[in-house]
Amino acid sequence: MNIEKNRLRTFETWPANVEVEPQRIAKAGFFSTGLGLEVQCFCCGGKISEWNYGDQVMARHRALDPQCPFVRNPTQSGKEMSF
């Protein structure tokens with residue numbers, strides 16, 4: 001799941017009326033778990049399941065786990081997956 005387009009594919013059943021677009025979520029390192037609106041980071045395993053209009057996905061990811069390798073260096077962390 002370290003490739004953004006693969007993460008984006010997990011959002012095929014994502015509801016259209018969710019406050020945050022799947023493209024922004026996938027770009028921030030998350031894929032859909034298929035459980036409601038829950039997403040999980042491919043790198044640190046952190047999960048977010050509630051979304052609000054105007055959420056900044058990368059800021060939420062940083063707040064969830066500031067030490068996540070993807071948060072710290074999104075261009076390089078795909079090479080060092082934690083799980």
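Here, every reference points to the structure presented above.
Within every chain, residues take consecutive numbers counted from 1 along the sequence as written. Only residues with pLDDT of at least 70 get local features here, since the model is predicted, and only at 80 or more are side-chain atom pairs given and counted; chain-wide, interface and lining totals rely on the full set of residues. Side-chain metrics in this entry use all non-hydrogen atoms of the structure; hydrogen atoms and water are not considered.

**Regarding the overall build of the protein chain**
Rules: By definition, any uninterrupted DSSP run of H or I lasting at least four residues is a helix, any uninterrupted run of E lasting at least two residues is a strand, and each is numbered from the N terminus. This radius of gyration counts C-alpha atoms alone. The globule rule is 2.2 Å times how many residues there are, raised to the power 0.38. Only protein chains enter the accessibility calculation, which uses a 1.4 Å probe; a residue whose area is less than 20% of its type maximum is buried, one above 50% is exposed, and one in between is partly exposed. Here a residue-residue contact requires only that any non-hydrogen atoms of the pair lie within 4.5 Å. In these tables, accessible area is a Shrake-Rupley quantity obtained with a 1.4 Å probe, and a residue counts as shielded only by the protein chains included in the view. Only four residue types enter the charge count: Lys and Arg as positive, Asp and Glu as negative, with His and the chain ends excluded. One atom stands in for each charge, and that atom is NZ of Lys, CZ of Arg, CG of Asp or CD of Glu.
Helix and strand content of the protein chain: four helices and three strands. Seen in sequence order, the protein chain has helices and strands lined up from the N terminus as α-α-β-β-β-α-α. Computed over its C-alpha atoms, the radius of gyration of the protein chain comes to 12 Å, within 12% of the 12 Å expected for a compact globule of 83 residues. Reported as C-alpha extents along the three principal axes, the dimensions of the protein chain are approximately 35 × 25 × 20 Å. Buried positions account for 35% of the 83 residues belonging to the protein chain. Counting contacts in the protein chain only where the partners sit at least 6 residues apart, residues at least 24 apart contribute 39% of the total. Summed over all atoms, the accessible surface of the protein chain reaches about 5,100 Å², with 49% contributed by carbon and sulfur. Within the protein chain, one finds 10 positive and 9 negative side-chain charges whose respective centroids are separated by 8 Å.

**With respect to the pattern of salt bridges**
Going by this rule: In what follows, salt bridge is the name for a side-chain nitrogen of Lys or Arg lying within 4 Å of a carboxyl oxygen of Asp or Glu.
In this structure the tally under the stated criterion is two salt bridges. Across the pair Arg24 and Glu21 runs a salt bridge, and its minimum N-O distance is 3.0 Å. The partly exposed category is assigned to Glu21, whose relative accessible area is 39%. Across the pair Asp55 and Arg60 runs a salt bridge, and its minimum N-O distance is 2.9 Å. Here Asp55 falls in the buried class, since its relative accessible area comes to 12%.

**What about the sheet that holds strand S2 (residues 39-41)?**
The pairing of strands in a sheet comes from backbone hydrogen bonds and takes either a parallel or an antiparallel form. This is how the line gets drawn: In short, DSSP must find at least two bridges between two strands for them to pair.
Overall, antiparallel pairing links the three strands, which are arranged S1-S2-S3 in an open sheet. One side of each edge strand has no neighbouring strand; the edge strands of this open sheet are strand S1 (30-32) and strand S3 (47-48).

**What to know about the side chain of Arg7**
Test applied: Polar contact is the term for a pair of N or O atoms within 3.5 Å; when the atoms are in protein, one must be able to donate a hydrogen and the other to accept it, and sequence-neighboring residues count only if both atoms are side-chain atoms.
Its location among the elements puts Arg7 in helix H1 (residues 4-9). Within the structure, Arg7 has its side chain in polar contact with the backbone oxygen of Asn2 (distance 3.3 Å). Residue contacts for Arg7: discarding those within four places in its chain leaves Met1, Asn2, Ala26, Lys27, Gly29, Phe30, Phe31, Phe42 and Phe70.

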